[in-house]
Amino acid sequence: MRKSYYLGAALGLFALGLPSAFWLVSAADPAATVRAYDVPLEKDADFLTGYVPARTTLSNLFENHMIQRADTPALVASISAAMDVRRMRAGQPYTIDRLLDGRVRRFEYEIDRDRRLTVSRASSEGAPRFLTAIERIPKETTVVAVEGAMTRETSSLIAALDASGEGLALALGIADVFSGEIDFNSDLQPGDSFRVLVERHTREGKPAGYGAILAGEIVNMDRKIRAIRFTPDGGSPAYYDENGRSLKRFFLKSPLKFEPRITSRFSSSRKHPILGYARAHNGVDYYAPAGAPVGAVAPGVVTLAGWTSGGGRTVKVRHNNGYETEYLHLSAISVRAGARVGQGELVGRVGQTGLATGVHLHYGMKKHGRYVNPVIEHRNMPPGEPIAPTLMTVFTSDRDRYLQLMFKPTQSRATNDN
Ligand SMILES: [Zn+2]
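In this numbering scheme, every chain counts its residues from 1 along its sequence in written order. The model is predicted, so local features are restricted to residues of pLDDT at least 70 and side-chain atom pairs to those at 80 or more, both for listing and for counting; the totals for chains, interfaces and linings are taken over all residues.

Details of the overall build of the protein
- Scanning the protein for helices and strands turns up nine helices and 23 strands.
- Partly exposed residues are those whose C-beta has more than 12 but fewer than 20 other C-beta atoms within 10 Å; with 20 or more the residue is buried, with 12 or fewer it is exposed, and the C-beta atoms are placed from the backbone. With 418 residues in all, the protein has 27% of them scored as buried. By definition, any uninterrupted DSSP run of H or I lasting at least four residues is a helix, any uninterrupted run of E lasting at least two residues is a strand, and each is numbered from the N terminus.

Here is the structure:
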């Protein structure tokens, strides 16, 4: 909009027949010209912006902006021809370029992050006619470094990121990268810190989510864990430590995506608080909200998916190397016995079925038929597969570039624009 006004102003000056010498001077210093000689153009339109309100119709929307009545049916018809108007979502931004007589010159509606509907008046004379188009909103991607720290107030990754204005999606992304190494609730302590190098998308200057995390570092007590994204030939992208060993272990650290809090530990002889005699607790209890997704900790085959007494809705999965894992008290089961599941794949949702005093996940692990402590088993797992020697040169050059960018001081602060 503004651009066309300036263009108009420049043409206006020419039309006034100002001496060409003046124009040469002004061309050398356009800002000065504007300040001294800017002729305000007669206003011919109002530029209205807003967000689609809840429970409204297109006709109402135009009515609320005092659009000329004759325009509305033609506008609604053109828009309906271009998109399903029932899919217009409350909260999405729109703009109306409304002529002073109340006719619409242009209407724009942001369908989603990627697409925008544009409606423009076909001609200024005669019955209202509109041309519609759906445009792709260009996306720009920059690579930014984001850092944060755990404090007493921001003791979780989400809280620390919120404090730095970076959003939930990024927290989940980071948790995903390090899930084999860190238990995001019980491991992180005040004083711990993290840093990631991540692709950030913007659309026309506005934040539009994150892309891949290219590298990351978590300092947890005296441990420093680094992750580098790398795609082996013909494979899919994965994360590796600085020496090129996969961060993906045979087991995930826990079946829950994020922040599981252990409410009851594994014990081969736990003294029952009421009955008074020792009774084993064949697994780990995690507090998690009802409905939270539960993933298989390793690839395997579902051996049981159904009701067990005590366990309620239960899923059991058999893995390689003589391991079996079980997930109890689920509110819903998402797999069938005999199905093959991948690491992290959804098997059910957290609930309170069977003998459970509250909503939680009981996660058990057997090794060669005997219950073992999954937390200890995980700790003892060797690191994952190394990158093939032939790819190490490529990996190390990626790694060095990412680490250098991640620690570049000029962009190390998280911005607060999300
Ligand atoms: Zn339990």
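Don't stop here, the text continues.
Description of helix α7 (residues 168-178)
- Looking at α7, one finds that the buried residues are L170, A171, I174, V177 and F178. For α7, the angular spread of buried residues about the axis comes to 125°, placing them on one side. Turned more than 90 degrees away from the buried face of α7 sit L168 and A169, all of them exposed. Here the arc refers to the set of directions running from the helix axis out to each C-beta atom.

Some details on the sheet that holds strand β19 (residues 332-333)
- In spatial order, the strands read β15-β21-β19; together these three strands make up an open sheet with antiparallel pairing. The sheet is open, and its two borders are formed by β15 (293-295) and β19, each paired with just one other strand.
- Strand pairing is defined by DSSP finding a minimum of two bridges between the two strands. Note that β15 and strand β21 (residues 346-349) share three bridges and pair antiparallel. Bridging across to β21, G295 finds its partner in L346.

Let's talk about the nonpolar core
- In this structure, I174, V196, L197, V198 and A215 are the most contacted members of the largest nonpolar core, which totals 33 residues.
- Elements with a contribution of two residues or more to this core: β6 (139-149), α6 (157-163), α7, β7 (193-203), β8 (206-220), β9 (223-230), β10 (238-240) and α9 (392-406).
- Each residue gets a C-beta atom placed from its backbone, and two residues are in contact if those atoms lie within 7 Å. When sequence neighbours within four positions are dropped, the list of residues in contact with V196 reads V146, I174, I213, A215 and G216.
- The nonpolar core criterion groups buried Ala, Val, Leu, Ile, Met, Phe, Trp, Tyr and Cys residues into a set whenever they are joined through C-beta atoms within 7 Å. One finds F251, V284, Y286 and Y363 within the second-largest nonpolar core, a separate group that totals 23 residues.

Structural notes on the sheet that holds β9
- Strands sit in the order β6-β7-β8-β9-β10 across an open sheet of five strands; the sheet is antiparallel. The sheet is open, and its two borders are formed by β6 and β10, each paired with just one other strand. Averaged over all pairs of adjacent strands, the angle between strand axes in this sheet comes to 30°, irrespective of strand direction.
- Axes here mean lines fitted to C-alpha atoms, for a helix over just the part in contact, with angles spanning 0 to 180 degrees between N-to-C directions. Set on the sheet, α9 makes contact with β6, β7, β8 and β9; between it and β9 the angle comes to about 120°.

Regarding the pairing of strand β18 (residues 323-330)
- Counting buried positions along β18 gives seven out of eight residues, so the element sits mostly inside the fold.
- The sheet contact formed by strand β17 (residues 312-318) and β18 spans five bridges and is antiparallel. Residue pairing across strands places K316 opposite E326, the latter belonging to β18.
- Where β17 folds back on β18, the antiparallel hairpin that results is connected by four residues, among which N321 adopts a positive phi of roughly 60°.

Here we look at the pairing of β17
- Counting buried residues along β17, five of its seven residues qualify, which places the element largely inside the surrounding structure.
- Bridge count for strand β16 (residues 300-308) against β17 is seven bridges, and the pairing is antiparallel. Bridging from a neighbouring strand, V301 pairs with R318 of β17.
- Hairpin remark: β16 followed by β17, antiparallel, with three residues in the connecting loop; positive phi at G310, about 85°.

A short note on α9
- In a helix, the anticipated span is given by 1.5 Å times the number of residues less one. Spanning 15 residues, α9 covers 21 Å between terminal C-alpha atoms, matching the ideal 21 Å at 1.5 Å per step.
- All of the buried residues along α9 are F395, R399, Y402 and M406. Axial view of α9: buried residues confined to an arc of 75°, hence all on one face. Turned more than 90 degrees from where α9 packs its buried face, T393, S397, D400 and Q404 sit exposed.
- Those residues of α9 hidden inside the fold are in contact with β6, β7, β8 and β9.

Some words on the confidence of the model for the protein
- For every residue, the predictor states its confidence as a pLDDT score lying anywhere from 0 to 100. Within the protein, residue pLDDT values average 82, and 83% of them lie at 70 or more.
- Every residue in residues 1-36 is under pLDDT 50, and counting partners more than four places away or in other chains gives twelve contacts.
- Taken together, the stretch residues 411-418 has pLDDT below 50 and engages in 18 contacts with residues farther than four places along the chain or on a different chain.

Looking at unusual backbone geometry
- We note that E204 has phi near 50°; this positive angle belongs to a residue other than glycine.
- Relative to the helices and strands, E204 is located in the loop between β7 and β8.
- Its identity is not glycine, yet N321 carries a phi of approximately 60°, on the positive side.
- Inspection of the secondary structure puts N321 in the loop between β17 and β18.
- For N321, a count of 8 C-beta atoms within 10 Å corresponds to the exposed category.

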